[in-house]
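Fold and contact review
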Amino acid sequence: MLYHLDFRVEYPATMSQEELFTIWSEEADAAMSAKEAGIVVNLWKCVGTRRVIAIVDVESPDQLDQIIMDLPIVKKLGQYVNIEVTSLRPYEDFATDLKARKS
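In short, a report on the structure. All values reported here derive from a predicted model rather than from experimental measurement. Sequence order as written defines the numbering, with residues in each chain counted from 1. Side-chain atom pairs in this predicted model are given and counted only at pLDDT of 80 or more, local residue features only at pLDDT of at least 70, and totals for whole chains, interfaces and linings cover all residues. By convention in this description, side-chain values take in all heavy atoms of the structure and omit both hydrogens and water.

A look at the side chain of Asp 6
Our working definition: Helix numbering and strand numbering both begin at the N terminus, where a helix is a DSSP run of H or I of at least 4 residues and a strand a DSSP run of E of at least 2. Under the rule applied, a polar contact is a pair of N or O atoms within 3.5 Å (in protein, one hydrogen donor and one hydrogen acceptor; residues adjacent in sequence only if both atoms are side-chain atoms).
Checked against the element boundaries, Asp 6 lands in strand 1 (residues 2-9). Reaching out from Asp 6, the side chain makes a polar contact with the side chain of Arg 51 at a distance of 2.7 Å.

Rendered as structure tokens:
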């Protein structure tokens, strides 16, 4: 199952940018490992913001939930990380359905 994940990362006023970058560096290592393992299909950092977009391929919503809860950035900054999740469907499947519906 494919999912679009949109991460927006904030951090407490008491945390330095250096501390944030340390946590984010751990997250980057985890993200690159997940990409190498084929879980992350693709990954983008939005320029000039604390926003990351990922396309992931997992077996189930349960697996995605477990993966998200284990992310270093979520473990350390959970209340400051907003994640919007959208389930994706291959467009080819949608197009096939449309053709079948108009017959």
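There is more to say, and it comes next.
So, the packing of aromatic side chains
What counts here: Ring pairs are drawn from Phe, Tyr and Trp, using the six-membered ring of Trp, whenever the two centres fall within 6.5 Å, and their geometry is named by plane angle: stacked under 30 degrees, edge-to-face over 60, tilted for the rest. Relative accessibility under 20% of the residue-type maximum defines a buried residue, over 50% an exposed one, and the middle range a partly exposed one, all with a 1.4 Å probe and only protein chains included.
This structure, assessed with the given rule, holds one aromatic pair. Plain terms: the ring middles of Tyr 91 and Phe 94 are 5.4 Å apart, the flat faces sit at 65° to each other, and that makes the pair edge-to-face. With Tyr 91 and Phe 94 both in helix 4 (residues 91-101) and three residues apart, the pair spans about one turn of that helix. Overall, the relative accessible area of 59% leaves Tyr 91 in the exposed class. By relative accessible area, Phe 94 is classed as partly exposed at 32%.

A look at a nonpolar patch on the surface
Here is the rule we go by: Patch definition: residues with relative accessible area over 30% and no salt bridge; like charges joined within 9 Å; nonpolar side chains (Val, Leu, Ile, Met, Phe, Trp, Tyr) joined within 5 Å. Only the protein chains shown count as cover for residues, with accessible areas throughout obtained via the Shrake-Rupley method and a probe of 1.4 Å. Salt bridge, as applied in this entry: a Lys or Arg side-chain nitrogen positioned within 4 Å of an Asp or Glu carboxyl oxygen.
A contiguous nonpolar patch, built from Leu 2, Val 41 and Leu 88 and spanning about 210 Å² of accessible area, is present on the exposed surface. Residue classification places Val 41 among the partly exposed positions, given a relative accessible area of 43%.

Some details on the sheet that holds strand 3 (residues 51-57)
For clarity, the threshold we go by: At least two DSSP bridges between two strands are required for those strands to pair. Interaxial angles span 0 to 180 degrees and are taken between N-to-C directions of axes, which are lines fitted to C-alpha atoms, for helices over the stretch in contact. Note on contacts: a residue pair is in contact if any heavy atoms of the two residues lie within 4.5 Å.
Within the open sheet, the four strands sit side by side as 2-3-1-4. Their pairing is antiparallel. The open sheet has two edge strands with one neighbour each: strand 2 (40-46) and strand 4 (81-88). Ignoring which end each strand starts from, the neighbouring axes of this sheet average 15° apart. In this sheet, strand 4 lies alongside strand 1 in antiparallel orientation, the contact comprising eight bridges. When the sheet's bridge partners are listed, Val 9 is paired in strand 4 with Val 81. Across the sheet, helix 1 (residues 17-36) is in contact with strand 1, strand 2 and strand 3; its angle to strand 2 comes to roughly 150°. The strands touched by helix 2 (residues 61-70) within the sheet are strand 1, strand 3 and strand 4, with strand 1 carrying the most contacts at an inclination of about 25°.

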